[in-house]
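Overview (structure and organization)
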Amino acid sequence: MSSVSVTESADRLQVQGHLQYNAPDHITPSNVHTSPLEQFHIWFNQAREANVREPDAMSLSTATSSGIPSSRMVLFKQLDKRGFVFYTNYTSRKSRELEENPQAALLFFWREMSRQVRVIGRIEKLSKEESEEYFKSRPVGTRLGAWASHQSSVIGEDYLANRLAEVQERFGVQASDKEGDVPLPDFWGGWRVIPREVEFWLGKPSRLHDRVRYLRVEGSPDSQPQWVIDRLSP
C-alpha cells in the first residue's frame, strides 16, 4: 500500500498526504565532519550497512548554456579528494550540456534512512587513463553496450540488437562472456563534480527537518578546500 493518498478528477490529480519522516538521529554543524566529502563517506557507508536499495543511485541535473535544465538518474562511481565521479557517453545529452555549461547538481535520496545529500559544483572530465582503468573493470556486456549505444539519439526498433551484433563480431566476444578484450571508446568516459556546496538533510516530523550546509570558501585551493558550515531552516 502506498504511503501517498490522492484525490482524482477528470482534469486533476492532487496529492493529499505523505509519510511523516522520523529519523532517530540529529545533525548540526557541531556534530558533522569538517569536510563534506568525509561526511558523505560516513553517510554512504551507513546507507550500505542499512541495506538501502541502490545507495549509489543519484539524480544528475545539467543545463544548456541558455539555462534549460534536465535531470536523470545515474550511478555514482567514485569519491576522491576532489569530488564525485560518474561515467557516461560523451555524446549524450548530459555530456553535451556539461560541455556547454560546466556546472552540475547531484541529489542522493536514501528513503529508508530519511536522508538526502545535495551537491552543487563545477565539472571536469577525467583523464583517459582514469576512464580506461574503470572501463576495464566493467563486465564484458556493459563494455559492448557502451560501443553499441549512440546515447540520446533517436533509433529504430531493431537498432540496438543490430549494433550489439556488430560490435560483438568486431571484438570477437559475446555479451555473456566473462572475459574479453573490449577497449575504451573515444566517446566514453568519466566526469567529476567538484563541489562548492553540499547539503545533508535528515527527515523529521512536521517537516521540521535537520539541514546542514557546507559552502566552500571562495579562493580556497582544490587540494585543501575550506568550508563554512551552517544549519539551515527547514
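Calculation criteria
Sequence positions are assigned chain by chain, starting from 1 and proceeding in written order. Local features are withheld for residues below a pLDDT of 70 in this predicted model, meaning they are given only at 70 or higher, and side-chain atom pairs are given and counted only at 80 or more; totals for whole chains, interfaces and linings count all residues. Side-chain numbers here rest on the full set of heavy atoms in the structure, without hydrogens or water. Note on method: axes are straight lines fitted to C-alpha atoms, helices fitted across the in-contact stretch only, with angles between N-to-C directions ranging 0 to 180 degrees. Secondary structure elements follow DSSP: runs of H or I no shorter than four residues count as helices, runs of E no shorter than two count as strands, and numbering proceeds from the N terminus. Orientation labels follow simple angle bins: below 35 degrees gives roughly parallel, above 145 gives roughly antiparallel, 65 to 115 gives roughly perpendicular, and whatever is left gives oblique. By the definition used in this description, the sense in which the near helix is turned from the far one sets the handedness, with an anticlockwise turn below a right angle giving left-handed and a clockwise turn giving right-handed. Contacts between residues were defined by any pair of non-hydrogen atoms, one from each residue, lying within 4.5 Å. Residue type decides the class: Asp, Glu, Lys and Arg count as charged, Ala, Val, Leu, Ile, Met, Phe, Trp, Tyr, Cys and Pro as nonpolar, and the leftover types, Gly among them, as polar. Polar contacts, as used here, are pairs of N or O atoms within 3.5 Å; protein pairs need one atom able to donate a hydrogen and one able to accept it. Residues neighboring in sequence count only if both atoms are side-chain atoms. Burial classes follow relative accessibility: with a 1.4 Å probe on protein chains only, a residue under 20% of its type's maximum area counts as buried, one over 50% as exposed, and anything between as partly exposed.

One can describe the packing of helix α4 (residues 140-148) onto helix α5 (residues 159-171) by two numbers: an axis separation of 9 Å at closest approach and a directional angle of 115 degrees. The angle between α4 and α5 falls in the class roughly perpendicular. Two packed elements cross with a definite hand, and for α4 against α5 that hand is right-handed. Of the residues in α5, those in contact with Leu144, Trp147 and Ala148 of α4 are Tyr159, Leu160, Arg163, Leu164, Val167, Gln168, Arg170 and Phe171. Of the residues belonging to the contact of α4 with α5, the class tally is 8 nonpolar, 1 polar and 2 charged.

Here we come to the environment of Ser95. Note on placement: Ser95 falls in helix α2 (residues 93-100). Sequence separation between Ser95 and Trp188 is 93 residues, and the spatial gap between their C-alpha atoms is 9.8 Å. Those residues in contact with Ser95 that lie beyond four places of it in its chain are Thr88, Asn89, Tyr90 and Trp191. Of note is the side chain of Ser95, whose polar atom sits 2.8 Å from the backbone oxygen of Asn89.

The next point concerns unusual backbone geometry. The backbone phi angle of Asn51 is positive, close to 60 degrees, even though this residue is not glycine. Residue placement: Asn51 occurs in the loop between α1 (36-49) and β3 (57-63). A relative accessible area of 65% means that Asn51 is categorised as exposed. Even without being a glycine, Ser206 presents a positive backbone phi close to 60 degrees.

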